[in-house]
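So the chains spell out like this:
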Amino acid sequence: MSVVMGTAGHIDHGKTTLIRALTGKDCDRLEEEKRRGITIELGFAELPLPGGRSLSVVDVPGHERFVRTMVAGAAGVDFVLLVIAADEGVMPQTREHLEICALLGIRTGLVALTKVDTVDEDLLALAVDDVSTFLKGTFLDGAPVFPVSSHTGQGMDALVAALADLESGLAPVRSQDLFRLPVDRVFTLHGHGTVVTGTMIAGQVGVGDTVEFYPSGLISKVRGLQSHGAATEKALAGRRTAVNVPDVAVEQVQKGEVLSHPDTLFPSDRWVIQATCLSSSPRALRHRAEVHFHHGSREMQARLYFADRDKLLPGDSCLCEVRFAEPVPAVYGDRCVIRSFSPLRTVAGGVVLNPLGVNMRRRASGFADRCRMLSGIVQTAEEDRVLAQLLCTEGGDTGVSFARLRVLSNLDSKALEKILAALSNKQLAFCFDKDQRLFMAEQFLIGLATACEESVTAYHKRYSEKQGMKRGELASSWGKGLPPKLVHFVLERLVKQGRLVTEGEYLRLPAHSAAFSKEQAPLGEALLAAYKEAGLSPPNSNELLDSLKINKKDAAPVLAALRASGQLVRVAEGLWYAAEHLAAAEAAMRKWLETHDSIDVAGMREATGLSRKYLVALLEYFDAQKITIRVGDKRVLRK
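The rules behind the values
Residues numbered from 1 in each chain as written. Predicted model: local features only at pLDDT ≥ 70, side-chain atom pairs only at ≥ 80, totals over all residues. Heavy atoms only, no water. Helix = DSSP H or I, 4+ residues; strand = E, 2+ residues; numbered from the N terminus. Contact = heavy atoms within 4.5 Å. Areas by Shrake-Rupley, 256 points an atom, 1.4 Å probe, with all protein chains shown as cover. Phe/Tyr/Trp six-rings, centres within 6.5 Å; stacked < 30°, edge-to-face > 60°. Lys NZ or Arg CZ within 6 Å of the ring centre and 35° of its normal. Buried < 20%, exposed > 50% of the residue type's maximum accessible area, 1.4 Å probe, protein only. Pairing = 2+ DSSP bridges. Axes fitted to C-alpha atoms, helices over the stretch in contact; angles between N-to-C directions. Core = buried A, V, L, I, M, F, W, Y, C linked by side-chain atoms within 4.5 Å. Parallel < 35°, antiparallel > 145°, perpendicular 65-115°, else oblique. Nonpolar A, V, L, I, M, F, W, Y, C, P; charged D, E, K, R; others polar. Salt bridge = Lys/Arg side-chain N within 4 Å of Asp/Glu carboxyl O. Polar contact = N/O pair within 3.5 Å; in protein donor to acceptor, adjacent residues only side chain to side chain.

### Brief notes about the overall build of the protein chain
- Of the regular secondary structure elements, the protein chain holds 19 helices and 35 strands.
- In the protein chain, of all internal contacts separated by at least 6 residues, the share reaching a separation of at least 24 is 67%.
- Accessible area for the protein chain stands at about 29,400 Å²; split by element, carbon and sulfur atoms hold 49% of it.

Structural data, given as structure tokens:
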């Protein structure tokens, strides 16, 4: 990965001229920029360093009218080169740019004091003191100040050496596999079609990859890639990257969109952030305030909704819900900048805690606890961070996908898989759909299991005579609206824990046994008596019902109840046994096997005296009950 350096500073303090002197490239490419002598759009260059390494450089506008462009350029920066002119000193945009860098999480950099060839030694000394005083209390407090002249070359070697030292000591922290490129420029290249550019802030992309623009949803394939003007097959995080996407028209793509792989980002019209109002803000931020909101290369209007207060005072921080007019994508830990409408200036910043649309009503039940959990995620260990997200409102009773967890945690896929495996081993999280990689936190699974048991209990009370509740019936009542695989996962878990018993297509509580109604009791007694009287040679059930003049529909629940109570056993289609007679048949078989290695139909006939129509069904039943195992035409007892 390449380290990215961004410039910052007031208009006409020599940022672009300094970059041209360092790299040999003029970042002002527009005719209007050259005519007016000011930077309007972002500029990009590559600075070769001693030892064969290089820096990616982002040159930003200094004029207050283009602060939004400056924010877009600073979004992917690892450190800042603050440029201050020796003849003017600290100016308004110097202060605002430095505040923006701090809000975007930039924590290191150095200072170039330009135009030293235009001042004498006394004025230069005063300028150095002025800069040092200004930097006190900022993240550049104590940073080296390099007096330079882009025209004479004074101090340039020392500045390059310092940049090389700083670059070698930085290790950019970026997710390796969640590719994101905020688009800051869109144009058409003759013979190639649409090209988008941006600073790749995470992951990698290769020629031939399928990509998606968020939030528009446009899909394309990467035909070609360039990084700092050189063609490449694969582009990595931290590089200025141009992506040729010929399948979309240039007018379809807007600046501020994010290029990524399909189904990896999830735009939402509300985020939860940790907002901080600048100490230098002239006034507090009010609840429901409308603001200019900057994230990545995008500027949009938004409203702020505070969790526990009506206004956010300068210097204070709090949990905040941000609402947008349309869905936009983000990832946990992203930085953002907030500017007021009037006067138009930077007043606050924030860290994205949840970009997936958590609905947080003020003062709602449990809201304060959820706020504390979310706001604490920044400081917690990775495993706790993912667990906290799982246990928050995201996912709930329908689970959360692995792809969404990547966005919620901003973790590398391998790290996230390792954490989820650890949580699964501790029974704190469960994967209930391996194909879609859907996960659920323990607390939600416990709630679903309890609700399922309650549904079966209510069914038993209402239909006490029935053997149990059919799986399909349970899924369409308790499981209505739940993913089918989640329903199956919960049911199998309850069966494994012994909290439900499965009998064919029926499910019941372990303590449940079917009970006859007053109307059904005589019928039940008649059927049981008939099977007991029949002994080891019971009649076909249809023949028995006909002889007793009993309707099949009326008999079905009664037979099911006798089966559930263990008094009757269904051996095969139409063949039922009284439990004691079936036990006698099994005992006869076992006695035979005491003196024989195996048993077949002939042996079973000798042991019981029954005809073949009963023998085959009995032997197959004992196989199904895992009492015997078939070896060729014979059976042996299972060990």
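### Quick word on the packing of aromatic side chains
- Counted under the stated rule, the structure contains six aromatic pairs.
- Judged by centre distance (5.8 Å) and plane angle (75°), the ring pair of Trp 271 and Phe 293 falls under edge-to-face. Of the two residues, Trp 271 is situated in strand β18 (residues 268-277) and Phe 293 in strand β20 (residues 290-295); the sequence distance between them amounts to 22 residues.
- The lysine or arginine in question, Arg 323, covers the ring of Tyr 305, its NZ or CZ lying 3.8 Å from the ring centre.
- Positioned above the aromatic ring of Phe 266, the side-chain terminus of Arg 404 is 4.9 Å from the ring centre.

### Quick notes on helix α9 (residues 402-409)
- The buried fraction of α9 is high, at six of eight residues.
- Every buried residue of α9 is accounted for by Phe 402, Leu 405, Arg 406, Val 407, Leu 408 and Ser 409.
- Of the residues one or two after α9, Asn 410 is the one with positive phi, at around 55°.

### Overview of the sheet that holds strand β14 (residues 230-232)
- One open sheet accounts for five strands, arranged β8-β9-β16-β13-β14; its pairing is antiparallel. Of all the strands in the sheet, just β8 (185-189) and β14 have a single pairing partner and so form its edges. In this sheet, neighbouring strand axes are inclined to one another by 30° on average, regardless of whether the strands run parallel or antiparallel.

### What to know about the nonpolar core
- Core analysis: the biggest nonpolar cluster contains 25 residues, and Leu 82, Leu 135 and Leu 140 have the highest contact counts within it.
- For this core, the elements supplying multiple residues, two or more each, are β1 (4-8), β4 (79-85), α4 (92-103), β5 (109-114) and α5 (121-135).
- Per-element tally for this core: the top contributor is α5, with five residues.
- Aside from chain neighbours lying at most four places away, what touches Leu 82 is Ala 8, Gly 9, Thr 94, Leu 98, Leu 110, Val 111, Ala 112, Phe 134, Leu 135 and Leu 140.

### Points about the packing of helix α18 (residues 601-608) against helix α19 (residues 612-624)
- Where α18 meets α19, the axes come as close as 10 Å, and the angle between the chain directions of the two elements is 105°. Overall, the two elements α18 and α19 adopt an arrangement that is roughly perpendicular. When α18 is examined against α19, the residues Val 601, Met 604, Arg 605 and Thr 608 are found in contact with a partner set consisting of Arg 612, Leu 615, Val 616, Leu 618, Leu 619 and Phe 622.
- Of the residues belonging to the contact of α18 with α19, the class tally is seven nonpolar, one polar and two charged.

### Points about the pattern of salt bridges
- Counted under the stated rule, the structure contains 20 salt bridges.
- Here Arg 339 makes a salt bridge to Glu 96, at a shortest N to O gap of 2.9 Å. Pair noted here: Arg 339 is in strand β24 (residues 335-339) and Glu 96 is in helix α4, with a separation of 243 residues, a long-range link. The two residues Arg 339 and Glu 96 agree in class, both being buried.
- Bridged by salt links that share partners, the residues Arg 270, Glu 321 and Arg 323 form one connected network.

### Re the side chain of Ser 340
- By the secondary structure assignment, Ser 340 is in the loop between β24 and β25 (346-354).
- Residue classification places Ser 340 among the buried positions, given a relative accessible area of 13%.
- Here the side chain of Ser 340 touches Pro 343 through a polar contact of 2.4 Å, landing on its backbone oxygen.
- The contact partners of Ser 340, leaving out residues within four places of it in the chain, are His 292, Arg 345 and Val 347.

### Concerning the pairing of strand β16 (residues 240-244)
- The buried count for β16 comes to five of five residues, which makes it a mostly enclosed element.
- Of the two faces of β16, the one holding Arg 240, Ala 242 and Asn 244 and the one holding Thr 241 and Val 243 are both buried throughout.
- Bridge count between strand β13 (residues 224-227) and β16: four bridges; the pairing is antiparallel. Bridge assignment links Gln 226 to a residue of β16, and that residue is Ala 242.

### Let's talk about the pairing of β25
- Across the nine residues of β25, nine count as buried, placing the element largely inside the fold.
- Bridge count for β18 against β25 is six bridges, and the pairing is antiparallel. Looking across to β25, one finds that Ala 275 is bridged to Gly 350.
- Where β24 and β25 come together, five bridges link them in antiparallel fashion. Paired with Cys 336 across the strands is Gly 350, a residue of β25.
- Here β24 hands over to β25 after six residues, the two strands then running antiparallel side by side.

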